[in-house]
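Read off the chains here:
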Amino acid sequence: MPTNQPPSPILSKQAQSNRTLTNNGSTREIAIVGGGICGLTVAVALEQRGLSPTVYEAASKYQPIGAGILLQTNALLVFDRLGIADRICDVGMQLDTGGLRSPNGSFMTQFDLNDVERREFGYGFVAIHRADLQRLLLDELDTDVRTGMACVDVDGTDPPVVHFANGTTITPDILVGADGIHSTVRNVVAPDVEPRQLGGVAYRTLVTLDLPAPYQTQGFEIWGDGTYTGGSPVDENRFYWFATAPEPLTDDYEATDTTVSALRTRLADYPDPIPAILDRLNPDDLIMTDLEDLPSLDVWSRDRVVLAGDAAHAMLPFAGQGAAQAIEDGLLLADAIASHERHDRAFATYESERKPRADRVRSESYRLGRLGTIQSSLGCGLRNFVIDTVPDAVLRHVRRRQAAGTSLPG
């Protein structure tokens, strides 16, 4: 692998060759830009199929930062195929129930995860700290994970030339862009596409507290007037909490004591356990991001470059499927690369299997976002009334389709 700089730090069990031996005796160098959940899932799946990718992560090292992540059934089914679902269930919190609540505390819809998800598919939902999930994936890898490798540009040549901030360049045979919604790699595939702003801000954090019994294994969302909040426990004494607001609550984009005070004021009348969570907010742990997604891309690949996860289909958080869709990408992309000697056939197979479903989920997340951020007391009341009257049979059908993942058409 060409480089003009000393090697960056490596996180791996055992260093391996960066070149992958294929069935016909040729070699392919596979580079994954982005060492988050998506990139690591791609790497684990490729390695289990006898391939040896190299992961390039911008951060100088993996640290226990970030908030929680909700792994729905379809994500756990992927991890089951990779042989790590049970470990994820042991580390995270397995939820028993979930649902949507109105600001008065009543459930508009509530579902038992033993009813459809566990009974029919074997897994419900697991809430886990993002750093814990990254650690589990890293523990699975013998593949090189090179940190401190921020991708700053990609030449759209064949093969592509990848430029990193430290001066390193590589020319892999296959380049996987798993570098998020503001992807640098995506500029090769879809140079004119920019994230789409819904308007509003998302706030996320982990809070340490003793939860009342009903919420110890329950995830929930509360849909109010212009503000959507909720979360789930990630272990016995930590709760992953999130909220949205139609505009920044303070002039400072970085979280401060003033931000925390504004959140407490805005959500003062929300039901339990929101007051207890608000009392324990720490501005140092509060993550603020814009509410944004990507419009549908025409294609996910060009020549030897292919996109996965948020780089391909970043979606709003309202369906809780962003991570799960990226995880599905990881398995299907690895299957396609391992099954086809030619990269163009591998990418065509991957895109035909994944793009229709991911685009549909992204569109559903956008519609839910528009509903969840309505700024009208009358509109919110009507919305919540409609949700409250949806028949259980309809909701079960939606849950089955979501849980089945890519194994169901469309």
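Residues numbered from 1 in each chain as written. Predicted model: local features only at pLDDT ≥ 70, side-chain atom pairs only at ≥ 80, totals over all residues. Heavy atoms only, no water.

As recorded by an unreviewed UniProt entry, the chain carries the name FAD-dependent monooxygenase and is attributed to Haloarcula nitratireducens.

Some points on the nonpolar core
Here is the rule: We define a nonpolar core as any set of buried Ala, Val, Leu, Ile, Met, Phe, Trp, Tyr and Cys residues linked to one another through side-chain atoms lying within 4.5 Å. Here the term buried applies to any residue with accessible area under 20% of the maximum for its type, exposed to any over 50%, and partly exposed to those in between, with areas from a 1.4 Å probe on protein chains only. Runs of H or I in DSSP of at least four residues are treated as helices and runs of E of at least two as strands, each being numbered from the N terminus. Every residue pair with non-hydrogen atoms within 4.5 Å of one another is taken to be in contact.
Counting residues in each nonpolar core, the largest one holds 75 residues, and the members touching the most others are Leu-71, Phe-79, Ile-88, Leu-133, Leu-333 and Ile-337. Of the residues forming this core, the biggest block, 10 residues, is contributed by helix 10 (residues 322-339). Apart from the residues within four sequence positions on either side, Ile-88 is in contact with Leu-71, Leu-76, Phe-79, Val-126, Ile-128, Leu-133 and Leu-136. By size, the runner-up hydrophobic cluster in this structure holds 25 residues, among which are Tyr-203, Val-207, Leu-209 and Ala-245.

Comments concerning unusual backbone geometry
The step from Asp-158 to Pro-159 runs through a cis peptide bond, and the omega angle for that step is 5°. Its place among the elements puts Pro-159 in the loop between strand 10 (151-155) and strand 11 (161-164). Of the consecutive residues Asp-272 and Pro-273, the connecting peptide bond is found in the cis state with omega at 0°. Relative to the helices and strands, Pro-273 resides in the loop between helix 7 (257-266) and helix 8 (274-279). The phi torsion at Asp-303 lies on the positive side, around 50°, for a residue other than glycine. Within the secondary structure layout, Asp-303 lies in the loop between strand 19 (301-302) and strand 20 (305-307). Of the residues examined, Asp-303 reaches a relative accessible area of 38% and is grouped as partly exposed.

Looking at the sheet that holds strand 6 (residues 97-101)
To be explicit about the condition: Following DSSP output, two strands are said to pair if at least two bridges run between them. Whenever a helix is involved, its axis is fitted only over the stretch in contact; in every case the axis is a line through C-alpha atoms, and angles between N-to-C directions fall within 0 to 180 degrees.
Read from one edge to the other, the open sheet built from seven strands follows the order 7-6-15-16-17-14-18, with strand pairing classed as mixed. Both edges of this open sheet fall to strand 7 (107-112) and strand 18 (287-293), since each of them pairs with a single strand only. Neighbour-to-neighbour, the strand axes of this sheet turn through a mean angle of 15°, independent of strand direction. As defined by bridge partners, strand 15 (residues 218-223) adjoins strand 16 (residues 228-233) across four bridges and the pair is classed as antiparallel.

What about the UniProt feature "domain: FAD-binding" (unreviewed entry) in the chain?
Using the following cut-off: UniProt positions are given in the numbering used here, feature names are shortened, and annotations may be inferred rather than shown by experiment.
Those places that UniProt annotates as "domain: FAD-binding" (unreviewed entry) correspond, in this numbering, to residues 29-362. Annotated as 32% helix and 28% strand, the span residues 29-362 places its first and last C-alpha atoms 31 Å apart.

Examining the sheet that holds strand 4 (residues 68-71)
Here three strands make up an open sheet; going across it, the order is 4-8-5 and the pairing antiparallel. The open sheet has two free edges, formed respectively by strand 4 and strand 5 (93-95), since each of these has just one partner strand. The mean inter-strand angle of the sheet, taken between neighbouring strand axes irrespective of direction, is 25°. In the sheet, strand 4 pairs with strand 8 (residues 125-129) via four bridges, with the strands oriented antiparallel. Residue pairing across strands places Gly-68 opposite His-129, the latter belonging to strand 8. Here helix 2 (residues 73-81) sits on the sheet and contacts strand 4 and strand 8; the angle it forms with strand 4, its principal contact strand, is near 85°.

What about the pairing of strand 8?
Within strand 8, five of the five residues are buried, which leaves it mostly tucked inside the rest of the structure. Pairing of strand 5 with strand 8, which is carried by three bridges, proceeds in the antiparallel orientation. Along strand 8, the bridge assignment pairs Leu-95 with Phe-125.

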